[in-house]
Amino acid sequence: MISASFRIKLPEHLWVAELSTEFSRATFRLLSGYRAGDTALELGEVLAETPSAAVESMRSHPSMEAFELLESEDGRALTKYETTDTDLYAFVEASSLTIEFPVDVRNGWYEFDLTGTREELDRLQEFLDGLALPYELRSLVRTSEAEGLLTDRQRELLETGLRLGYFEVPRGCTLAELSAELEIDKSTASTVLRRGEARLLNWYLTGPQGQSRR
């Protein structure tokens, strides 16, 4: 089996493309959803320093048939809504994919993971190549090869850093913000990140047989 991470540029007419571009430092996270005829029913989060402005823009967007704010706290808002934008589900049906939630949207791009066979991945890439939308294959890992590559702490730091935009240019968060998110000190976060990055680079550049244990 293969785990792959993709980014796909969203069509500009979608509400989430419009708002994620307007609120470029926010993450719009689809937790679950399904199509019901001409609309989609979805449960989603808005992750931002102050999510209220993005939430109000969602509520008032013309594509929203219904909208409910379920929870709101510092940095996060949980929403339930019905939208006429069903392109994600049309894409899934056309590409024979199964959605793996959550699906993140940042600054006009879908970010999602897929686990499947080499043949399924090849069919997906052929399908994406036939679309007019830009896409990126961010990572490709054979699960049997990657097993045990990272410690739980390294994986947690790297995944949180990726989610918060620590590895983006410019950075979406600082090391201090990343360490505060996980309630550890900066020096520990820095050391764990460096070791995790070193393992991944070593694995990628030399193959699993060249991995060193740290």
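1. Here we look at the overall build of the protein chain
A count of helical and extended segments in the protein chain gives eight helices and eight strands. For the protein chain, the residues scored as buried account for 42% of the 214 residues in total. A separation threshold of at least 6 residues defines the contact pool for the protein chain, and within that pool the share at least 24 residues apart is 63%. Split by element, the accessible area of the protein chain, about 12000 Å² in all, is 49% carbon and sulfur.

2. Some thoughts on the pairing of strand β1 (residues 2-9)
Of all eight residues that make up β1, six are buried, and the element is covered over most of its length. Strand direction decides the pairing type here: β1 and strand β7 (residues 109-116), joined by eight bridges, are antiparallel. Its bridge partner being in β7, A4 is matched across the sheet by L114.

3. Overview of the environment of R155
Relative to the helices and strands, R155 is located in helix α6 (residues 152-164). Owing to a relative accessible area of 37%, R155 belongs among the partly exposed residues under this scheme. Separated by 41 residues in the primary sequence, R155 and G196 place their C-alpha atoms 7.3 Å from one another.

Rules behind the numbers
- Residue numbers restart at each chain and count upward from 1, following the sequence in its written direction.
- Totals for whole chains, interfaces and linings use every residue, but because this is a predicted model, local features are given only for residues with pLDDT of at least 70 and side-chain atom pairs only at 80 or more, for both listing and counting.
- Side-chain descriptors were evaluated using all non-hydrogen atoms of the structure, hydrogens and water having been removed beforehand.
- In DSSP terms, a helix is any run of H or I states spanning at least four residues, a strand is any run of E spanning at least two, and both are numbered starting from the N terminus.
- Summary of the burial criterion: residues with accessible area below 20% of their type's maximum are buried, those above 50% are exposed, and those between are partly exposed, where the area comes from a 1.4 Å probe applied to protein chains only.
- Note on contacts: a residue pair qualifies if any of its non-hydrogen atoms lie within 4.5 Å across the two residues.
- Values of accessible area rely on a 1.4 Å probe in the Shrake-Rupley scheme; residue burial ignores everything except the protein chains shown.
- Between any two strands, pairing holds if DSSP finds at least two bridges.

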